[in-house]
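Observations on the model geometry
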Amino acid sequence: GELKMRLASSLEQVEATPPLPTAPATAEEMWYQVVHKPAVMIREQPDEKAKMVGRKKVGKRLRIQSVKDGKWLKLHQSELVKLGVQEAWVVMDPHEAGLPAGAPPLLEKVSSP
């Protein structure tokens, strides 16, 4: 019975610790939705020739840290953790992606999920 008691009290202590501070949801939180079919490639660097580290299917959302030259989206830390990489980029610009002239962007900005 004593072991159960100790286990229960240690569980309570875990729950009693305050949650880690999370960044407040601000206007800085940027989300983009994949509109290019069937998917977009996630790359190590903002370069079409860079190593691919993942992909996101059409309709999926990505949290973005910053936009480079209006062509590349730098993935947010929360996305990097899922991929297990230090840095990751998605091309948004159709011309940069080698798509025909007049093609729509590969991702579009959406409000946070």
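In case you missed it, the structure is sitting above this.
In this report, the structure presented in the accompanying data block is examined.

On to the pairing of strand β5 (residues 72–75). Here strand β4 (residues 61–68) pairs with β5 via four bridges, running antiparallel. Across the sheet, the residue bridging to I64 is L75, located in β5. The antiparallel pairing of β4 with β5 creates a hairpin that spans three residues between the two strands, and D69 there sits at a positive phi of about 55°. Bridge count between β5 and strand β6 (residues 89–91): three bridges; the pairing is antiparallel. What sits directly across from L73, in β6, is V90.

A word on the sheet that holds strand β7 (residues 107–110). The strands that make up a sheet pair up through hydrogen bonds in the backbone, lying either parallel or antiparallel. The seven strands are arranged β3-β2-β6-β5-β4-β1-β7 in an open sheet whose pairing can be described as antiparallel. Bordering the open sheet on either side are β3 (52–57) and β7, each of which pairs with just one other strand. When strand polarity is set aside, the average angle formed by the axes of neighbouring strands in this sheet is 45°.

The residue after K37, namely P38, is reached through a cis peptide bond having omega 0°. Within the secondary structure, P38 sits in the loop between β1 (30–34) and β2 (39–43). The phi dihedral of D69 is positive, around 55°, even though this residue is not glycine. Mapped onto the elements of the fold, D69 is located in the loop between β4 and β5.

What follows covers the side chain of K56. Checked against the element boundaries, K56 lands in strand β3. Setting aside residues up to four positions removed in sequence, K56 forms contacts with V34, A39, V40, I42, R61, L62 and E79.

Thresholds, definitions, all that
Position numbers for residues start from 1 in each chain and track the written sequence from start to end. Note on the predicted model: pLDDT of at least 70 is required for a residue's local features to be given, and 80 or more for side-chain atom pairs to be given and counted; whole-chain, interface and lining totals, by contrast, use all residues. Only heavy atoms go into the side-chain values, all of them from the structure, while hydrogens and water stay out. At least two DSSP bridges between two strands are needed for those strands to be called paired. A run of H or I in DSSP counts as a helix once it spans at least four residues, and a run of E counts as a strand once it spans at least two, with each numbered from the N terminus. Angular values range over 0 to 180 degrees, each being the angle between N-to-C directions of two axes fitted as lines to C-alpha atoms, with helices fitted over their stretch in contact. Contacts: residue pairs with any heavy atoms within 4.5 Å of one another.

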